[in-house]
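# Observations on the model geometry
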Amino acid sequence: MNTSAVRLSSLLAATLLLAACDVIDHSGAAAPSSTATTTSFVGTWTSATSSGSSSSSCSNFEWRVTNQTGTMISGVFFARCPGNLTASGSAWGELNGADTTLPVRVTAGATGPGVTACEVSLTGTATFYGDMIRIPYSGTTCVGPVSGTEVLQRH
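An account of the accompanying structure is given in this report. (Residues numbered from 1 in each chain as written. Predicted model: local features only at pLDDT ≥ 70, side-chain atom pairs only at ≥ 80, totals over all residues. Heavy atoms only, no water.)

A separate point is the state of the cysteines. Enumeration according to the criterion identifies two disulfides in this entry. The disulfide bridge from Cys58 ends at Cys81, spanning 2.1 Å between sulfur atoms. Its torsion about the S-S bond being 105°, the disulfide of Cys58 and Cys81 is classed as right-handed. Of the two residues, Cys58 sits in the loop between strand 1 (43-51) and strand 2 (59-68) while Cys81 sits in strand 3 (residues 72-81), which places them 23 residues apart along the sequence. Residue Cys118 pairs covalently with Cys142 via a disulfide, S to S 2.2 Å. Judged by the sign of its S-S torsion, about -110°, the cystine formed by Cys118 and Cys142 is left-handed. Of this pair, Cys118 sits in strand 6 (residues 115-129) while Cys142 sits in the loop between strand 7 (132-141) and strand 8 (144-154), and the two are 24 residues apart along the sequence. A relative accessible area of 43% means that Cys142 is categorised as partly exposed. (Disulfide = S-S within 2.5 Å. Helix = DSSP H or I, 4+ residues; strand = E, 2+ residues; numbered from the N terminus. Buried < 20%, exposed > 50% of the residue type's maximum accessible area, 1.4 Å probe, protein only.)

Structure below.
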C-alpha cells in the first residue's frame, strides 16, 4: 500500500471517530438534539385559534419573528385587545436549548376609540408544536387585566 493511501485511510478513520464521539456522550447514549436552537422560528405567525373571554382577552395575534440567535427570538407584534384597542409593539422569547417551551414577553402601545395612548404588556410561556405555537398569556392594558390562550400558526 502506498503512503498516500495509508494517510487517506488514517484521516478517514480519524474523521469518523471524531464524528462518532460528537454524537455519543460518555454514558453511551445518543446526545439530545437541540430543537429550539436548530429550528428557525423566523417568519410570520398569526392566530389560528383563541380562547378566553372577549371582554378580558386579546386576539388576532400576529408575531413577525425577524431575529433569531442561539438564545432568543424577537420581532414585531400586533393584537386586538378589549376596548377595541389595536396594539403594536415588540415581542421576544428566550430559547431554552432542546426545550420546546419558551418564556415570551410583549410590550406594545395601543390606540382605540377615545384612547390615544395605551400601554399593553403580556407575558406567557409558549409551547412549540411544529409550525404552531400555543401561548397561554396574561397581562395588562389601560382598560384592565387580560388573559387567554392563543394558538399561532406560521404562514
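Once the structure has been displayed, the description carries forward.
Our focus in this paragraph is the packing of aromatic side chains. Across all of its chains, the model carries four aromatic pairs by this definition. Here Phe41 and Phe128 contribute two aromatic rings whose centre-to-centre distance is 4.2 Å and whose plane-to-plane angle is 40°, an arrangement assigned as tilted. Note that Phe41 is positioned in the loop between helix 2 (35-38) and strand 1 and Phe128 in strand 6, a separation of 87 residues in sequence. Here Phe41 falls in the buried class, since its relative accessible area comes to 4%. Taken together, the aromatic side chains of Phe41, Trp45 and Phe128 make up a single cluster linked through ring pairs. (Phe/Tyr/Trp six-rings, centres within 6.5 Å; stacked < 30°, edge-to-face > 60°.)

What holds strands together in a sheet is hydrogen bonding between their backbones, with the strands either parallel or antiparallel. Taking strand neighbours around the barrel as the criterion, the eight strands line up as 1-2-3-4-5-6-7-8 in a closed arrangement whose pairing is antiparallel. Averaged over all pairs of adjacent strands, the angle between their axes in this sheet comes to 30°, without regard to strand direction. Here strand 1 pairs with strand 2 via four bridges, running antiparallel. For Thr46, the partnering residue across the bridge sits in strand 2 and is Glu62. (Pairing = 2+ DSSP bridges. Axes fitted to C-alpha atoms, helices over the stretch in contact; angles between N-to-C directions.)

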